Structures are given as C-alpha cells and as structure tokens.
Amino acid sequence: MRSPKKFLPRIPLLLRFQQNPASVDANVFPCLRLSEDLKIAIRESGLGANHARSLQKLNSKNLKVEETKALKIRQDATSQVLQERLTVAQTRFLVAQTIAEHAPETKPKPSHQISSLIRDVSATKVEDIQQEQLRDLLAVLEAKAKEIRKKLD
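Residues numbered from 1 in each chain as written. Predicted model: local features only at pLDDT ≥ 70, side-chain atom pairs only at ≥ 80, totals over all residues. Heavy atoms only, no water.

Caption draft 1: Structural detail: the nonpolar core. Leu-38, Leu-47, Leu-55, Leu-58, Leu-63 and Val-81 are the most contacted members of the largest nonpolar core, which has 16 residues in total. At the level of elements, α4 (36–45), α5 (49–55), α7 (67–84) and α8 (88–102) are the ones that each hand at least two residues to this core. The dominant element in this core, judged by the number of residues it contributes, is α7, at four residues. Ignoring anything within four residues of it in the chain, the contact list for Leu-38 reads Leu-47, Ala-52, Leu-55, Gln-56, Arg-74 and Thr-78. (Core = buried A, V, L, I, M, F, W, Y, C linked by side-chain atoms within 4.5 Å. Buried < 20%, exposed > 50% of the residue type's maximum accessible area, 1.4 Å probe, protein only. Helix = DSSP H or I, 4+ residues; strand = E, 2+ residues; numbered from the N terminus. Contact = heavy atoms within 4.5 Å.)

See the structure below:
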C-alpha cells in the first residue's frame, strides 16, 4: 500500500501541470512503482507508460527465473518494443508470449463463469423442480456433455 505522505510533496508539482487527480492516480502513481530499467527507458528512450506497465510483468515471479535473468529478458523485450515501435496491444502480446515461453507450466486461471456454473448445478435440489423443467434441464445437460466429450477426445 502506498503511503499518502510519500506523495504529498509531489502534489504541487502535479497541480502545476493541471492534471486531473484521478488521472494522476491512474496513470502517474503506477509509473512510480516501475522497475528502474523501465523508468530509464521512459526518460531516455521515450518508452510509453502503458508499454512500460505491460513490460513490468516480465519479472522473476512470472517468468519463473532469477531476477538477473528476468532483467535481461525485460531489457531485450523493451529494446524490441522501442526498435519495432510496437503498439501497446502488440507489447501485451509480446509479454504474454515471453511469459509463456519461459513459464510454460503456468496453468490458465479457471473461468469464474464455469466455476459458478459448476457450483450452481451441484447445489441445485432436483426435488424442488417440476417434471417438465427437469426434462428440459436434462436435455440441455446431455447436449452439453456430448459437446464436452467431443472436445476432450
């Protein structure tokens, strides 16, 4: 959690630039937490803040490598973004691709919608449902089960 006192001296400076406080909170403060190499790339090479925030995800935790190796990977990706003038969307794709290459065992997060659906179906008390609705439910579940089996095979 950031300390408000830490940012108080910067408020007059930000007000001189006539920035909306919500914009500052959403765009400037996150940049203060960027790694030093990305801050330097912003200042010296013109890297965009949104590009930098995407590149920040190339860290040792996400890449499952040592910090020095993660730094090298992030610096290489930063150079590629700058040299090829990638858009933010292209940068996000590059970051995702790089993470997938270095940490392939990372499992995708389960879909919240599917988890909720499983929970709802499991909790449904069939004795409270009318016969016609049960038939409709069974038909839908059987059709979906057939689709799932086809995809799994």
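Caption draft 2: Broad picture of the pattern of salt bridges. A complete count under the given rule lists five salt bridges for this structure. Between Lys-144 and Glu-147 there is a salt bridge; the shortest N-O distance is 3.3 Å. With a gap of three residues between them, Lys-144 and Glu-147 both fall in helix α10 (residues 131–152), about one helical turn apart. Of the residues examined, Lys-144 reaches a relative accessible area of 43% and is grouped as partly exposed. (Salt bridge = Lys/Arg side-chain N within 4 Å of Asp/Glu carboxyl O.)

Caption draft 3: Here's a closer look at the confidence of the model for the protein. Here the protein shows a mean pLDDT of 82. Residues at 70 or above account for 75%. Looking at the elements of the protein, mean pLDDT is at its lowest for helix α1 (residues 4–7), recorded as 52, and at its highest for α7, recorded as 94. (pLDDT = per-residue confidence, 0-100.)

Caption draft 4: How the structure looks around the environment of Gln-80. Within the secondary structure, Gln-80 sits in helix α7. Along the backbone, Gln-80 and Thr-91 are eleven residues apart, and their C-alpha atoms lie at a distance of 9.2 Å. Apart from residues no more than four positions distant in its own chain, Gln-80 is found in contact with Arg-85, Leu-86 and Leu-94.

Caption draft 5: Looking closely at helix α9 (residues 112–123). Across its twelve residues, α9 extends 16 Å between first and last C-alpha, which sits within 8% of the 16 Å expected from 1.5 Å per residue. Burial within α9 is sparse, with just one of its twelve residues counted as buried. (Expected span 1.5 Å × (residues − 1).)

Caption draft 6: Quick look at the side chain of Arg-74. With respect to the secondary-structure elements, Arg-74 resides in helix α7. There is a polar contact of 3.4 Å between the side chain of Arg-74 and the side chain of Ser-35. Reaching out from Arg-74, the side chain makes a polar contact with the side chain of Asp-37 at a distance of 3.0 Å. In this view, Arg-74 contacts Ser-35, Asp-37, Leu-38, Leu-55, Gln-56, Leu-58, Asn-59 and Glu-67; residues no more than four positions away in its chain are not counted. (Polar contact = N/O pair within 3.5 Å; in protein donor to acceptor, adjacent residues only side chain to side chain.)

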